[in-house]
Amino acid sequence: MTAVTAAAPTDTTPAPVAGAPLALPSGVKPSPARVLPDRTRVLGTYLFMVADAMVLAAMIAAYFAVKDGSSAWPPVDVGVGTYIPFVITITVTMAAASAQWAINAMRQNDQRNVGIALLLTAFLGVATANVEWAAFDKAGFGVGDHAYGTFYYLLIGFHMVHLVVAVVLLLLLAGRSLAAHFTADHHDPLKSGVLFFQYTNGIWYAVFTVVFVFSRVHG
Amino acid sequence: MTITDASPGTDTPADPSGSPGEPVEIDQGSTAGTDHKVIGTLFIAASLLFLLVGGALAAMMRSQLSAPDMTFVGENTYRQLFTMHGVVMVFLFLLPLWLGLVTALVPLQIGATRMAFPRVHALSLWLFVGGAALVAAAPLVSDAVGGWTLSDPLPVGPEFTGEGVDLLILGLIVVAVSAITVAVNVLVTVLQLRAPGLTMARIPLFTWSATVSAAVMLLALPVLVAGLLMLFIDRHYGGLVFTGFTGSRGGNPVLWPRMFWFAVYPLLWALLLPALGAVSDIVPVFSRRRLFSHHRAVPAIAAIGVLSFAGWGSEVASLRRARPLFALGVLLILVPVASLILNWLATAAKARKSDDKAFKEGMQSLPMLHALGAVTLLGVGLAGELVAGIDAGGQSHRNYWGVATQHTLFFGAAFVGAVAALYFWAPKLWGRHLSEKLGRLQFAALVGGMHLAFLPMFVLGIQDMSRHTGTFTKSDNFGPANLVASVGGGILILGVLLLILNLLVSVVAGRGEAAGSDPWGGHTLEWSTTSPPPADNFRVLPEVRSETPLLDLDQSERTF
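Predicted, not measured: the structure shown is a model, and the values here were computed from it.

Engineer: Give a description of the overall build of chain A that names residues and reports values.
Structural biologist: The number of helices and strands found in chain A is 6 helices and 0 strands. When its helices and strands are written in sequence order, chain A yields α-α-α-α-α-α. A buried classification covers 50% of the 219 residues belonging to chain A. Considering only contacts within chain A whose residues lie at least 6 apart along the sequence, 79% involve residues at least 24 apart.

What follows is the structure, encoded as structure tokens:
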């Protein structure tokens, strides 16, 4: 980069008079490469969630396309109880509340409560995954028994995979917050992590509606 | 480097060997492994490698079809050829070519020092390489048939147990995820890291088209991922989404083509969009004036992105009742494309009136020649798509008319637009001009070969030759058009080889003419830094007061 040599003196040249033809010293220094504008990570998380939600939407669209072509949905010999789905939904709701507690505590710079809330959220996440495992275990049908079974495992499994990722993220964030990495003004990683977790909870509500509510609606 | 001493002609070419100048602080976050220009270049290199693979497959198919009753390859081999040719060309060539060009150029065009997430960008590259390797390994493991849409037939059931199809499905999932991560990265970069003063309405049209293209990919590719995932579950865990239809237990056999085309029809437009954006940036520079109407081009490009979701059903035979709706979708999308073309032509026409000599020089430069070549292919392709659109879901999608349209529009125009971009931005990205002599020869072979190869396919479409025909007899009368297409295909491949040779000689071997920071008299921010730019792109940025910040700087030196 020979040309860079020429740049050295111009950096100190005073800005030109207004109205004079623009010449570069009045130019602006680009912001240093390591600094990201606020909320860039959060925006990235949002866009990733949009893509991920399209995966879910496509699966749900496929669910309804297959359901509409079936004579009975779910097949007559299949009964899914109400107990397990409601236990999951309640646990998910509690986890959503405790994740929000972490964010509120962060806004007040209460590091201790952030840590506690994140660990509690992670625990509730693991509990949810555990009940989902029971839902697989006690379903009484497999992936290949009928199309409803395929979607049952696919959609609940989709939520479970997100849950596992979210729990790992929450534990990392708990560690970072206990190490005082975040402040009330700067906690984009925490925001992003909690955002992803809440999105995961949103996936559950969608899956619950589709797999358990609409399986009872016969068209 | 400042703009004042960067005006055309006065500037010393950057010395690629480097010499001690002002100490350059290289940020840890933008060293070579995460430098968007390096990653972009590697994406481009990978895509050209797969262009050779896809081209070789096409060469074998064109040899088989060059005359009646050929026995160059068997029927099963031919099915694998067209399957892999389609998959490789769309997902392993055109997709990474744009992922590379876009990520290499967009931060430069918006005055950013980096991509928003440089390490995610690096991850995308290596995901792509891994996924592409899986796809490329597929036909080596077992027969990969079914066409590039995986729907003729759907590879599920006892006769499709080969692991090659698994590799194909998993590889495509990984490639799609890679493209999605790039799309997120591009969108966040454009939304967050623009230079001061560079409002969204002022960003260069290539960047804008890349942004729209990224948004389309962000919404379309996940659907492909979901479809492929369910296909994999159907194949491996006895899932019943796409297979069966036995009363209440089975799946929906017409679902797969709908999911595939819902994702891939917009994807094809998303892969053409950056070409339209590149031409929109190139035409004004060589016409030595601003684009005829920037504020009409911006919504036109956005409209192409939105409307690309309206035409997918035209490719699906089973959607008979919705045909008029999708036909309307296809017809509507042609309107903004036509408006863009008129915009370019108006720009060039205005230039011709004012100064004949400068006009001639500009029109004959290689980037501009390729831009015009892309326009000819666009014209033919749009005409083809017009007919295919009216015939939504009909015969023209199953015979060579559809093949001809897709090749002219989504391969021809998109690829030639990318080549124009390569000639235009190679001096910026790599500090070297591509060879002029080789370039002219390559232009003639590439664009001429494309027209010679694809125009006869329209004839074959009228003769109703099925798109998957692997052999034909004399009485079919397909001979003459196929022979011309095969000769054209040969010339086209020569053009591809010349392009790669040109890149190897001029850039890789460094024998191209060294480029100054602003060799073309560019309008946009990337031309205000050195060629090639430093790791963090800019030492200083000009003030941005319009969509052509560099024109605002040296207005006195140019005529408008």
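Engineer: Residue-level account of the overall build of chain B, with values.
Structural biologist: Helix and strand counts for chain B come out as 14 helices and 0 strands. Counted from the first residue to the last, chain B has its helices and strands arranged as α-α-α-α-α-α-α-α-α-α-α-α-α-α. Here the C-alpha atoms of chain B give a radius of gyration of 23 Å, agreeing with the 24 Å that 2.2 N^0.38 yields for 560 residues. Structurally, chain B occupies a C-alpha span of about 75 × 50 × 45 Å along its principal axes. Residues classed as buried in chain B amount to 64% of the 560 residues present.

Engineer: Give me the pattern of salt bridges: which residues, what numbers.
Structural biologist: One pass over the full model with this rule turns up 8 salt bridges over all chains. Among the salt bridges present, the one from lysine 191 of chain A reaches aspartate 188 of chain A, with a minimum N-O distance of 3.7 Å. Taken together, the residues span about one helical turn, with lysine 191 of chain A and aspartate 188 of chain A both in helix α6 (residues 188–213) at a distance of 3 residues. By relative accessible area, lysine 191 of chain A is classed as partly exposed at 23%. Its salt-bridge partner being arginine 235 of chain B, residue aspartate 166 of chain B comes within 2.9 Å of it at the nearest N-O pair. Highlighted residues: aspartate 166 of chain B in helix α4 (residues 163–192) and arginine 235 of chain B in helix α5 (residues 205–236), separated in sequence by 69 residues. Its relative accessible area of 7% is what places aspartate 166 of chain B among the buried residues.

Engineer: Give me the lowdown on the nonpolar core, citing residues and values where you can.
Structural biologist: Judged by nonpolar contacts, the single largest core of 264 residues is most densely connected at Tyr152 of chain A together with Phe91, Trp269 and Phe415 of chain B. When residues in this core are grouped by element, the largest group, 23 residues, is from helix α6 (residues 255–286) of chain B. Ignoring sequence-local partners within four residues, the contact set of tryptophan 269 of chain B consists of Ile304, Ser308, Ile333, Leu334, Val337, Leu382, Leu409 and Phe410 of chain B.

Engineer: Would you mind going over the environment of alanine 122 of chain B in detail, with residue names and values included?
Structural biologist: Residues and elements named next belong to chain B. Considering the arrangement of structural elements, one finds alanine 122 in helix α3 (residues 118–141). Taking the C-alpha atoms as reference points, alanine 122 and isoleucine 493, separated by 371 residues in sequence, lie 31 Å from one another. Residues within four places of alanine 122 in sequence aside, it is in contact with Gly33, Thr34 and Ile39.

Engineer: A description of a nonpolar patch on the surface should follow, citing residues and the corresponding values.
Structural biologist: On the surface, Val161, Val164, Val165, Val168, Leu169 and Leu172 of chain A cluster together into a nonpolar patch covering about 500 Å² of accessible area. On the secondary structure map, valine 164 of chain A appears in helix α5 (residues 147–178).

Engineer: Before we move on, could you go through the packing of aromatic side chains and cite the residues and values that matter?
Structural biologist: For any two aromatic rings, the description comes down to two numbers: the centre-to-centre distance and the angle of the planes. Per the stated rule, a full pass over the model turns up 46 aromatic pairs over all chains. Between phenylalanine 141 of chain A and tyrosine 153 of chain A, the aromatic rings sit 6.2 Å apart at their centres with planes inclined by 90 degrees, giving edge-to-face as the arrangement. Taken as a pair, phenylalanine 141 of chain A in the loop between α4 (111–137) and α5 and tyrosine 153 of chain A in helix α5 lie far apart in primary sequence, 12 residues in all. On the basis of an interplanar angle of 85 degrees and a centroid distance of 5.2 Å, the ring pair of tryptophan 269 of chain B and phenylalanine 410 of chain B is categorised as edge-to-face. Here the residue tryptophan 269 of chain B occupies a position in helix α6, and phenylalanine 410 of chain B occupies one in helix α11 (residues 400–430), the gap between them amounting to 141 residues. Of the residues examined, phenylalanine 410 of chain B reaches a relative accessible area of 5% and is grouped as buried.

Engineer: Lay out α4 of chain B with the relevant residues and their values.
Structural biologist: Here α4 of chain B contains 30 residues, and its C-alpha end-to-end distance of 43 Å stays within 8% of the 44 Å for a straight helix at 1.5 Å per residue. In terms of residue burial, α4 of chain B counts as a mostly covered element, since 23 of its 30 residues are buried.

Engineer: Describe the side chain of glutamate 385 of chain B, and please don't skip the residues or the numbers.
Structural biologist: All names here are of chain B. Note that glutamate 385 resides in helix α10 (residues 366–390). Of the buried charged residues, glutamate 385 lacks a salt bridge, with arginine 467 as the closest side chain of opposite charge at 12 Å. Apart from the residues lying within four places of it in its own chain, the contact partners of glutamate 385 are Tyr265, Val330, Leu334, Thr405 and Leu409.

Engineer: Help me get a handle on the packing of helix α2 (residues 75–109) of chain B against α3 of chain B, residues and values and all.
Structural biologist: Residue and element names in this part refer to chain B. Where α2 contacts α3, the two axes come as close as 11 Å, and the packing angle between them is 170 degrees. With respect to α3, the element α2 is oriented roughly antiparallel. Touching Gln80, Met84, Val87, Phe91, Leu92, Pro96 and Thr103 of α2 are His121, Phe128, Ala132, Val135 and Pro139, all from α3. Of the residues in the contact of α2 with α3, the class split is 9 nonpolar, 3 polar and no charged.

Engineer: Any details on the environment of leucine 342 of chain B? Residues and values, ideally.
Structural biologist: Residue and element names in this part refer to chain B. With respect to the helices, strands and loops of the structure, leucine 342 is situated in helix α8 (residues 323–354). For leucine 342, a relative accessible area of 58% puts it in the exposed group. Taking the C-alpha atoms as reference points, leucine 342 and arginine 194, separated by 148 residues in sequence, lie 29 Å from one another.

Engineer: Give a description of the confidence of the model for chain B that names residues and reports values.
Structural biologist: Residue and element names in this part refer to chain B. On average, residues of chain B score 88 in pLDDT, and 92% of them are at 70 or above. Overall, residues 556–560 carries pLDDT values under 50, and its contacts beyond four positions in sequence, including any with other chains, amount to 13 contacts. With a pTM of 0.89, the predicted complex shows an ipTM of 0.89.

Engineer: A description of helix α9 (residues 356–364) of chain B should follow, citing residues and the corresponding values.
Structural biologist: Residue and element names in this part refer to chain B. The set of residues buried in α9 consists of Phe359, Gly362 and Met363. Buried residues of α9, seen end-on, are gathered within an arc of 95 degrees and therefore sit on one face of the element. Exposed and oriented more than 90 degrees from the buried face of α9 are Lys357, Lys360 and Glu361. Against α6, α8 and α10 lie the buried residues of α9.

About the cut-offs
- Residues numbered from 1 in each chain as written.
- Chains lettered and ligands numbered in written order.
- Predicted model: local features only at pLDDT ≥ 70, side-chain atom pairs only at ≥ 80, totals over all residues.
- Heavy atoms only, no water.
- Helix = DSSP H or I, 4+ residues; strand = E, 2+ residues; numbered from the N terminus.
- Buried < 20%, exposed > 50% of the residue type's maximum accessible area, 1.4 Å probe, protein only.
- Contact = heavy atoms within 4.5 Å.
- Rg over C-alpha atoms; globule rule 2.2 N^0.38 Å.
- Salt bridge = Lys/Arg side-chain N within 4 Å of Asp/Glu carboxyl O.
- Core = buried A, V, L, I, M, F, W, Y, C linked by side-chain atoms within 4.5 Å.
- Patch = residues over 30% accessible without salt bridge, like charges linked within 9 Å, V, L, I, M, F, W, Y side chains within 5 Å.
- Areas by Shrake-Rupley, 256 points an atom, 1.4 Å probe, with all protein chains shown as cover.
- Phe/Tyr/Trp six-rings, centres within 6.5 Å; stacked < 30°, edge-to-face > 60°.
- Expected span 1.5 Å × (residues − 1).
- Lys, Arg positive; Asp, Glu negative; His and termini not counted.
- Axes fitted to C-alpha atoms, helices over the stretch in contact; angles between N-to-C directions.
- Parallel < 35°, antiparallel > 145°, perpendicular 65-115°, else oblique.
- Nonpolar A, V, L, I, M, F, W, Y, C, P; charged D, E, K, R; others polar.
- pLDDT = per-residue confidence, 0-100.
- Arc of directions from axis to C-beta.

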